[in-house]
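# Reading the structure
Residues per chain are reported as follows:
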Amino acid sequence: MPSSYSKITPEIEKLASLTKEASYVKPELYTEYGVKRGLRDLNGKGVLVGITNISEVNSQRVIDGKNVPIPGELYYRGINVSDIVKNIKPDNHFGFEEITYLLLFGELPTRDQLKDFIKLLSSYRSLPKNFVRDSILKKPSSDMMNSLARSVLALYSYDDNPDDISEANVLRQCLQLIAMFPLLSVYGYQAYRYYDKGDSLIIHRPKKEYSTAENILHCLRDDSSFTPLEAKLLDVALILHAEHGGGNNSTFTTHLVSSSGTDTYSAIAAALGSLKGPRHGGANIKVVKMFADLKKNVKDWTDEEEVGAYLRALLHKEAFDHAGLIYGIGHAVYSISDPRAVIFQGYVEQLAEAKGYEKEYALYSLVERLAPQIISEERKMYKGVSPNVDFFSGFVYQMLGLPMELFTPIFAIARIAGWSAHRMEEICHHDKIMRPAYMTVKEHRKYIPIDERQA
């Protein structure tokens, strides 16, 4: 039973219907006035609102004066992410730290620079005295993104210079948050696990010699054990989620809020609020739940007709959550392919073999092949669709034994690198506050004194 604090009364229901009516805007007005709903056109191309040199997302190329779809490309500081992942040695679990340096400082580090940077992050990988007890254990949350955002805002009170937005101070704050995010996320989950699930409370201290990926697994697992393949795959996942252009919702939020001159903790908490949304960071959870429903309702996972029928039922709002979506298929920018999904897939297959998930991987591969074809048959398409990174990431986290409650926080642990780079970019500009325009379509009216209003 909900508490009185959370109860929705008939009065609130009635008022909600009034505000819903007052909030309605005719969809055709967006076309009439040339407003791009969602800040993007029908082809998924975003409205240009800024310039960055941090990363680049490509899905088209101009050939003979025409925009031609191409396999998706993602660049970090001008370097193709495919080349980054391909050239990091298989036994190197510090790839995320290397690309964090690249995103923040614009160049790949030398061996000595990377060593010093890892040492610096390690020195920041601890929380203020009694923070775990006072801010995490005493205030557990069932939602880890809420727990993470509250922890970030709480850190403001421990900072001697929280509102100083000089480049050096903001960089110091960002580096500390990058280092602390794994601890804030995992410890938040351990508190939830203890208070809500009745499990044992086990808090491991991070190890200085471990990478971000290794420390996540070390701090999360009761026995602290993990294999090199598990650490490597999680490191690759962090690399692929670290940055995705200035236009994704949470990074744009970082720019938007930072432009007001606010403090780092408030800006990053706002970005976390954006990422928490199921249309952004929570998509891989939807994919995992959709596949669980598929496996429950499809008897033969290898039968193309049976799997195809389920996918059509999804589109017709007859299966799973009745939203009419095949989760993990399609992207706001990419059409032919999402480069992150392409890179990830080889590692996913490796882990599936190592963990005994070959049948599940075959099912994912079948859906990957059938879904774009079925969507094109069932829907009016403005651009092609293909699996996005969320299609595989939830499956990977599942195979790694990571709890679903941490799927989105792990995204945040990676994306804090990109957010930090974009916050630094906004701070260094010392430019105007962002203030986009909204068109009002409500007609002007006269104020009517209360005694003259009709009941």
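Let us look at the structure shown here. In this text the structure is predicted, and so the values were computed from the model without any measurement. (Residues numbered from 1 in each chain as written. Predicted model: local features only at pLDDT ≥ 70, side-chain atom pairs only at ≥ 80, totals over all residues. Heavy atoms only, no water.)

### Considering the sheet that holds strand β1 (residues 55-63)
Read across the open sheet, the three strands follow the order β1-β2-β3; overall the sheet is antiparallel. Edge positions in the open sheet fall to β1 and β3 (79-80), since each of these has one partner strand only. Pairing between β1 and strand β2 (residues 66-76): eight bridges, direction antiparallel. Bridging from a neighbouring strand, Gln60 pairs with Pro69 of β2. (Pairing = 2+ DSSP bridges. Helix = DSSP H or I, 4+ residues; strand = E, 2+ residues; numbered from the N terminus.)

### Overview of the packing of aromatic side chains
A full pass over the atoms with the stated rule returns 16 aromatic pairs. Plain terms: the ring middles of Tyr364 and Phe391 are 5.4 Å apart, the flat faces sit at 70 degrees to each other, and that makes the pair edge-to-face. Placement of Tyr364 in helix α16 (residues 358-378) and of Phe391 in helix α17 (residues 389-399) is noted, with a sequence separation of 27 residues between them. Of the two residues, Tyr364 and Phe391, neither departs from the other in class, the shared state being buried. Ring pairs connect the aromatic residues Phe291, Tyr357, Tyr364, Phe391, Phe392 and Phe395, which therefore count as one cluster. (Phe/Tyr/Trp six-rings, centres within 6.5 Å; stacked < 30°, edge-to-face > 60°. Buried < 20%, exposed > 50% of the residue type's maximum accessible area, 1.4 Å probe, protein only.)

### A word on helix α18 (residues 407-429)
Helix length check: α18 (23 residues) gives 34 Å between terminal C-alpha atoms against 33 Å at 1.5 Å per residue, within 8%. Where α18 bends most, at Arg415, the angle is about 40 degrees. Where α18 terminates, the next one or two residues include His430, which has phi positive at roughly 45 degrees. (Expected span 1.5 Å × (residues − 1). Bend = angle between axes of the 7 residues up to and from the residue.)

### Here we look at the pattern of salt bridges
Per the counting criterion, the structure on display carries 15 salt bridges. With a closest N to O distance of 3.8 Å, Lys86 and Asp83 form a salt bridge. In this pair, Lys86 and Asp83 are both assigned in helix α3 (residues 81-87), three residues apart and thus about one turn of the helix distant. Judged by relative accessible area, which is 62%, Lys86 ranks as exposed. (Salt bridge = Lys/Arg side-chain N within 4 Å of Asp/Glu carboxyl O.)

### As for the nonpolar core
Core analysis: the biggest nonpolar cluster contains 114 residues, and Tyr76, Phe181, Leu184, Leu272, Leu311 and Phe344 have the highest contact counts within it. No other element matches helix α8 (residues 167-197), which puts 13 residues into this core. When neighbours within four sequence positions are excluded, Leu184 is seen to be in contact with Leu127, Phe131, Ile136, Leu148, Ser151, Val152 and Leu155. (Core = buried A, V, L, I, M, F, W, Y, C linked by side-chain atoms within 4.5 Å. Contact = heavy atoms within 4.5 Å.)

### Side note on unusual backbone geometry
Phi is positive for Arg77, close to 50 degrees, though the residue is something other than glycine. A relative accessible area of 22% places Arg77 in the partly exposed class. Phi angles above zero are rare outside glycine, and Lys317 is one such case at about 60 degrees. Residue placement: Lys317 occurs in the loop between α14 (304-315) and α15 (339-355). Of the residues examined, Lys317 reaches a relative accessible area of 51% and is grouped as exposed.

### Section: the environment of Gly261
As for its position among the elements, Gly261 is in the loop between α11 (249-258) and α12 (264-276). On the accessibility criterion, Gly261 (35% relative accessible area) is partly exposed. Sequence-wise, Gly261 and Asp431 are 170 residues apart; in three dimensions their C-alpha atoms are separated by 9.7 Å.

### Digging into the packing of α12 against α18
When two helices pack together, you describe them by how their axes are tilted relative to each other and by the distance separating the axes. The interhelical angle for the contact between α12 and α18, taken along N-to-C directions, is 135 degrees, at an axis separation of 10 Å. In terms of axis orientation, α12 runs oblique to α18. Where α12 crosses over α18, the two elements pack in a sense that is right-handed. Facing α12, whose interface residues are Thr264, Ala267, Ile268, Ala271, Leu272 and Leu275, α18 presents Thr408, Phe411, Ala412, Ile416, Trp419 and Arg423. Residue classes in the contact of α12 with α18 are distributed as nine nonpolar, two polar and one charged. (Axes fitted to C-alpha atoms, helices over the stretch in contact; angles between N-to-C directions. Parallel < 35°, antiparallel > 145°, perpendicular 65-115°, else oblique. Left-handed = near helix turned anticlockwise from the far one by under 90°. Nonpolar A, V, L, I, M, F, W, Y, C, P; charged D, E, K, R; others polar.)

### Comments concerning the pairing of β2
Between β1 and β2, which pair antiparallel in sequence order, lie two residues; one of them, Asp64, sits at a positive phi of approximately 55 degrees. Inspection of the sheet shows β2 paired to β3 by two bridges, in the antiparallel sense. Bridged to Tyr76 within β3 is Ile79. Linking two consecutive strands that pair antiparallel, namely β2 and β3, is a turn of two residues; a positive phi of about 50 degrees is found at Arg77 within it.

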